[in-house]
Amino acid sequence: MATDFVRQFERDLPLAGPAFWQKLRREGLEHFSRQGFPTRRLEEWKYFSVQDIAETDFHLGRDKALAGFTLEEMHRLAFCILPGIRLVFLNGHFHPTLSDLSKLPPGVKVKSLAQALQEDSAILEEHLAQQVSAQQHPFVALNTAFLQDGVFLQLERGTVLEKPVQLLFVSHGNGTAAISHPRVLVLAGPESQASLIETYVGEACYFTNAVTEIVAAVGAVIEHTKLQGESDAGFHLASTGVRQARDSRYTSHSISLGARLCRNDLSTLLDAPGAAATLNGLYVVSGKQVVDNHTNIDHAQPHCDSAELYKGILDGAAQGVFNGRILVRPDAQQTASSQTNKNLILSEDALINTKPLLEIYANDVKCSHGATIGRLDENQVFYLRSRGIDARLARSLLTYAFASDVLALLKQEALRERLQSLMFARLMGKSYES
């Protein structure tokens, strides 16, 4: 099966570009050819089968398949369009007409990766493929082999973006199963601040295989929101690698609401004293959806803090996975870290596998972790019903309250309110067991 992708690479996307670019892609292809598709025999993939992906005849997505895509369609599919910098990609290809780069403030460089390859080749050569490993992750290797387009964002020292940078990736099978491999590279200079919103949406059957790399320099502050609202027939696999310098702050909000199969791999390296990371996540799945969240927080240096809160709501025959690892290395004294995973099960057939993990090799630390799996509290349901609220509404309100803790952490007010409205409407449409 992996050989089919190799043949597709050789047929549809021959090597081109600077020598380092060709080398990266060739190595990615070699790594994927050697690893192939992961199986459940591997511990990291024990609860997530990629068989449906491996057996689907995907073809490289073309932007022409979305030739009639309009601004109105974009607003219909996207969660929320905020004023500010916006880059839109159709089946993995940059679409300048729907994008908005008209008001770039000083100290900010934002462009498609294809354009950056022509204008910033030396910077890409230094930083690209440094925060994620194609040797250890087959889908990162596949993304690297098919490097074609994506986003390059660079912030100079002291640059503060008042408005968020929005990246909207729209996919459509258009009768054939399309595959795209978007790549995002963010270089946040010293003392810079920015908010980045990645949104993935689409229609029909397709496969989005995304990779994001973020480098936060000394004192940089990055808020990174990833919204996954792919179609019910879509496949979504994403890997995010972050490296943090001294006193940097990285906050991640991962919201997964769609896709037939979804996996999010997020790893951050706290590589200097004073770095801090906050990872928040919410996944809401139903029917036969599968969502898998793998997180890794690597405390490599002393005096670093991290906090993680992931919540899941599962209905129907949906399946969820949470695998959260916190590593405290021997030199990482004075570490403070907490990890919490809470899951709400709404049906008899829903299933969650949760594995919070602490690996501590230092002795002067404050670390905690925990996970819960449960159903709605019937005493709370009874209380609401005693106040005249019917059973269905009572359960919807309690489920919404469970999710709202994570949504309330979003700093972009318009986006937060939009997601809260969508979540409430979605939960109100559910049919709960009495």
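Overview of the structure. (Residues numbered from 1 in each chain as written. Predicted model: local features only at pLDDT ≥ 70, side-chain atom pairs only at ≥ 80, totals over all residues. Heavy atoms only, no water.)

**A word on the environment of Leu-142**
Part 1 of the argument: One can find Leu-142 in helix H7 (residues 138–145).
Part 2 of the argument: On the accessibility criterion, Leu-142 (1% relative accessible area) is buried.
Part 3 of the argument: Sequence-wise, Leu-142 and His-181 are 39 residues apart; in three dimensions their C-alpha atoms are separated by 8.1 Å. (Helix = DSSP H or I, 4+ residues; strand = E, 2+ residues; numbered from the N terminus. Buried < 20%, exposed > 50% of the residue type's maximum accessible area, 1.4 Å probe, protein only.)

**Considerations on the packing of aromatic side chains**
Part 1 of the argument: For the coordinates displayed, the defined rule picks out 13 aromatic pairs.
Part 2 of the argument: Considering the side-chain rings of Phe-58 and Phe-207, the 5.5 Å spacing of their centres and the 50 degrees angle between planes classify their relative orientation as tilted. Taken as a pair, Phe-58 in the loop between helix H3 (51–54) and strand E1 (59–60) and Phe-207 in strand E10 (residues 206–216) lie far apart in primary sequence, 149 residues in all.
Part 3 of the argument: When its relative accessible area of 1% is taken as the criterion, Phe-207 is described as buried.
Part 4 of the argument: Here Phe-58 and Phe-235 contribute two aromatic rings whose centre-to-centre distance is 6.0 Å and whose plane-to-plane angle is 90 degrees, an arrangement assigned as edge-to-face. With Phe-58 in the loop between H3 and E1 and Phe-235 in strand E12 (residues 235–244), this pair connects stretches of sequence that are 177 residues apart.
Part 5 of the argument: Taking relative accessible area as the criterion, Phe-58 reaches 3% and is therefore assigned buried.
Part 6 of the argument: For Phe-235, a relative accessible area of 0% gives the class buried.
Part 7 of the argument: Taken together through their ring pairs, the aromatic side chains of Phe-32, Phe-37, Trp-45, Phe-48, Phe-58, Phe-139, Phe-207 and Phe-235 make up a single cluster.
Part 8 of the argument: Between Lys-311 and the ring centre of Phe-402, over which it is positioned, the NZ or CZ distance is 4.4 Å. (Phe/Tyr/Trp six-rings, centres within 6.5 Å; stacked < 30°, edge-to-face > 60°. Lys NZ or Arg CZ within 6 Å of the ring centre and 35° of its normal.)

**Some points on helix H8 (residues 378–386)**
Part 1 of the argument: One side-chain oxygen at the N-terminal end of H8 lies 2.8 Å from the backbone nitrogen of Asn-379; it belongs to Asp-377.
Part 2 of the argument: Looking one or two residues past H8, Gly-388 carries a phi angle of roughly 95 degrees, positive in sign. (Polar contact = N/O pair within 3.5 Å; in protein donor to acceptor, adjacent residues only side chain to side chain.)

**Considering the packing of H8 against helix H9 (residues 391–407)**
Part 1 of the argument: Their axes nearest at 9 Å, the elements H8 and H9 cross at an angle of 125 degrees. In terms of orientation, H8 lies oblique with respect to H9. The hand of the H8/H9 crossing is right-handed. Of the residues in H9, those in contact with Glu-378, Gln-380, Val-381, Leu-384 and Arg-385 of H8 are Ala-391, Ala-394, Arg-395 and Leu-398.
Part 2 of the argument: Looking at side-chain class alone, the contact of H8 with H9 contains five nonpolar, one polar and three charged residues. (Axes fitted to C-alpha atoms, helices over the stretch in contact; angles between N-to-C directions. Parallel < 35°, antiparallel > 145°, perpendicular 65-115°, else oblique. Left-handed = near helix turned anticlockwise from the far one by under 90°. Contact = heavy atoms within 4.5 Å. Nonpolar A, V, L, I, M, F, W, Y, C, P; charged D, E, K, R; others polar.)

**Points about the sheet that holds strand E13 (residues 249–256)**
Part 1 of the argument: Sheet architecture is open: ten strands sit in the order E3-E2-E6-E9-E11-E13-E15-E17-E19-E21, paired in mixed fashion. In this open sheet, the two strands that pair with only one neighbour each are strand E3 (93–94) and strand E21 (365–374).
Part 2 of the argument: Across eight bridges, strand E11 (residues 221–229) lies against E13 in parallel orientation. Following the sheet pairing, Val-221 is matched in E13 by Arg-249.
Part 3 of the argument: Most of the contacts of H9 go to strand E17 (residues 305–314), to which it runs at about 150 degrees, and overall it touches E13, strand E15 (276–285), E17 and strand E19 (335–345).
Part 4 of the argument: The sheet contacts of helix H10 (residues 413–428) involve strand E9 (193–203), E11 and E15, and relative to E15 the element is tilted by about 30 degrees. (Pairing = 2+ DSSP bridges.)

**Some remarks on unusual backbone geometry**
Part 1 of the argument: In this model, Ala-129 sits at a positive phi of 65 degrees, which is unusual for a non-glycine residue.
Part 2 of the argument: Tracing the sequence through the fold places Ala-129 in the loop between helix H6 (121–127) and H7.
Part 3 of the argument: Phi at Asp-247 takes a positive value of approximately 60 degrees, unusual for a residue other than glycine.
Part 4 of the argument: Residue placement: Asp-247 occurs in the loop between E12 and E13.

**Here we look at the pairing of strand E16 (residues 290–299)**
Along a regular strand, successive side chains alternate from one face of the sheet to the other.
Part 1 of the argument: Taken across its ten residues, E16 has ten buried, putting it largely inside the fold.
Part 2 of the argument: Burial along E16 is two-sided: Val-290, Asp-292, His-294, Asn-296 and Asp-298 and Val-291, Asn-293, Thr-295, Ile-297 and His-299, pointing in opposite directions, are all buried.
Part 3 of the argument: Summarising the sheet, strand E14 (residues 261–270) and E16 pair through ten bridges and their orientation is parallel. Within E16, the position partnered with Leu-270 by the bridge is His-299.
Part 4 of the argument: Pairing of E16 with strand E18 (residues 319–328) involves ten bridges; the strand directions are parallel. Looking at the pairing, Ile-297 lines up with Ile-326 of E18.

**Some words on the pairing of E11**
Part 1 of the argument: Burial within E11 is extensive, with seven of its nine residues counted as buried.
Part 2 of the argument: Pairing analysis gives nine bridges linking E9 to E11, with the strands arranged parallel. Across the sheet, Ser-195 pairs through a bridge with Glu-223, a residue of E11.

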